[in-house]
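# Examination of the molecular architecture
Here is how the chains run, residue by residue.
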Amino acid sequence: MSIFSQKTCLFTTKGILIIFFSGCVLGGYSQSKKSKSKFKVIAFYTAKNDQAHISFVHEANKWFPKLAEENHFEYDSTNNWDNLNAKFLAKYQVVLFLDTRPETPSQRETFQKYMENGGGFIGFHFSAFALNDSDYPQNWNWYHNAFLGSGEYGSNTWRPTSAVLRVENQHPVTKNIPKTFSSAPNEWYRWSNDLTKNPDIKILLAIDESSFPLGTGPKAHEIWYSGYYPVVWTNKNYKMLYVNMGHNDIDYEHGTNKTLSYTFENKVQSQLILNALLWLGNSKK
């Protein structure tokens, strides 16, 4: 209910006091505005362990509601992964994984059916992470190989730094995005699978060669000097997008854990996410 609907309006005309509740008018306006909502988005998150991922989740949960209000869709978020069930998801057209992915068999089965039945999805950064001998092993073959196509995590750059990104293919997600642009600082991932050899995968953005060397170390393997690195792609069999961005720069060295950069402060990158949401929320499979 609108906060304004609790107020009482008083008017006088020819000495007669007229009293009515503004909810009759403003409440109707609020309902009308809600009825114009194009679609509903639900974001799942954990916000634990890595301070950079936690920072990104907090940023996302402030930025997306504003974006939703400006573009006439609804945004909800939850850290209760038990909500990943058919009844709950039936209310939403788009699911976001902000920083991880479901772990239980029932949650995974529900998500797969949701996607196979035409649901929309954006996964950010760590939501694709899988590494055997870690807390996030590659034990969900459909998700990592058939759906994302990326397979296991291979390596990453360090420190988080901006990269020049290049548009590889035209798509509703890349509409009005310049051919190359500088991203917000990020930790960039390399994957075990070669996405260029997967006919189901359409790569939308990759790291441009002008970015190299990418990363500052201090370890040598944390700096990339060459190679082909997709960072945004879609699987043509689903309404989905994976976005490698989602790791804010953090002051680890001085122990403050202060956020040094914000993902959604980059206007071009943010336009890409808005394009993706409008594409997923308004399209039919």
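So, here is what we can say about the structure in this document. (Residues numbered from 1 in each chain as written. Predicted model: local features only at pLDDT ≥ 70, side-chain atom pairs only at ≥ 80, totals over all residues. Heavy atoms only, no water.)

## Considerations on the nonpolar core
This is how the line gets drawn: Take the buried Ala, Val, Leu, Ile, Met, Phe, Trp, Tyr and Cys residues and link them wherever side-chain atoms come within 4.5 Å; each set so joined is a nonpolar core. For each residue, the accessible area found with a 1.4 Å probe, counting protein chains only, is set against the maximum for its type, and the residue is called buried under 20%, exposed over 50%, and partly exposed in between.
Counting 47 residues, the largest nonpolar core has Phe-64, Leu-96, Leu-98 and Leu-277 as its most contacted members. With 31 residues, the next largest nonpolar core counts Tyr-92, Phe-147, Ile-201 and Ile-203 among its residues.

## Description of the pattern of salt bridges
We count it as follows: By definition, a salt bridge exists where a carboxyl oxygen of Asp or Glu is found within 4 Å of a side-chain nitrogen of Lys or Arg. Numbered from the N terminus, helices here are DSSP runs of H or I no shorter than four residues, and strands are runs of E no shorter than two.
Taken as a whole and assessed by the stated rule, the structure comprises eight salt bridges. Between Glu-103 and Arg-108 there is a salt bridge, with the nearest N and O atoms lying 3.3 Å from each other. Note that Glu-209 and Arg-166 form a salt bridge whose closest N and O atoms lie 2.9 Å from each other. Separated by 43 residues along the polypeptide, Glu-209 in the loop between strand S11 (201-207) and strand S12 (230-235) and Arg-166 in strand S8 (residues 164-167) bring together distant segments of the chain. The exposure class assigned to Arg-166 is buried, which follows from its relative accessible area of 13%. Put simply, Arg-166, Glu-168, Asp-208 and Glu-209 are held in one network by salt bridges that share partners.

## Some details on the sheet that holds S11
Short version of the rule: Think of it this way: DSSP has to see at least two bridges between two strands before they count as a pair. In this description, a line fitted to the C-alpha atoms serves as the axis of each element, helices being fitted only across the stretch in contact, and the angle between N-to-C directions of two axes falls anywhere from 0 to 180 degrees. It only takes one pair of heavy atoms within 4.5 Å for two residues to be counted as in contact.
Reading across from one edge, S4-S3-S5-S6-S13-S12-S11-S8-S9 is the order of the nine strands in this open sheet, with mixed pairing throughout. Looking at the sheet topology across the chains shown, the edges are occupied by strand S4 (74-78) and strand S9 (180-182). The sheet shows a mean angle of 20° between the axes of neighbouring strands, taken without regard to direction. Pairing of strand S5 (residues 94-97) with strand S6 (residues 120-124) involves four bridges; the strand directions are parallel. Note on S6: the bridge partner recorded for Leu-96 is Ile-122. Sheet contacts for helix H2 (residues 51-71): S4, S5 and S6; angle to S4, the most-contacted strand, approximately 160°.

## With respect to the packing of aromatic side chains
Aromatic ring pairs are defined here through the distance separating the ring centres and the angle between the ring planes. Our working definition: Within 6.5 Å between ring centres, the rings of Phe, Tyr and Trp (the latter by its six-membered ring) count as paired, and their orientation is classed by plane angle as stacked under 30 degrees, edge-to-face over 60, tilted in between.
Counting across every chain of the model gives 41 aromatic pairs. Here the aromatic rings of Phe-97 and Phe-111 are separated by 4.8 Å at their centres, their planes lie at 40°, and the arrangement is tilted. Of this pair, Phe-97 sits in strand S5 while Phe-111 sits in helix H4 (residues 105-116), and the two are 14 residues apart along the sequence. Here Phe-97 falls in the buried class, since its relative accessible area comes to 0%. Measuring from centroid to centroid gives 4.8 Å for Trp-233 and Tyr-242, while their planes differ by 45°, and the two rings are tilted.

## Some points on the side chain of Ser-183
With respect to the helices and strands, Ser-183 occurs in the loop between S9 and strand S10 (189-191). Ignoring any residue separated from it by four or fewer positions in sequence, one finds Ser-183 in contact with Ser-162, Ala-163, Leu-165, Trp-188, Asn-266 and Gln-269.

## Quick word on the pairing of S4
Defined as follows: Orient the strands so they point away from the viewer, and a crossover whose first-strand-to-second-strand path over the helix runs clockwise is right-handed.
Bridge count for strand S3 (residues 40-44) against S4 is five bridges, and the pairing is parallel. In the strand pairing of S4, Phe-44 is matched with Thr-78. Handedness of the S3-H2-S4 crossover: right-handed.

So far we have only geometry, and geometry alone does not tell us how the molecule works.
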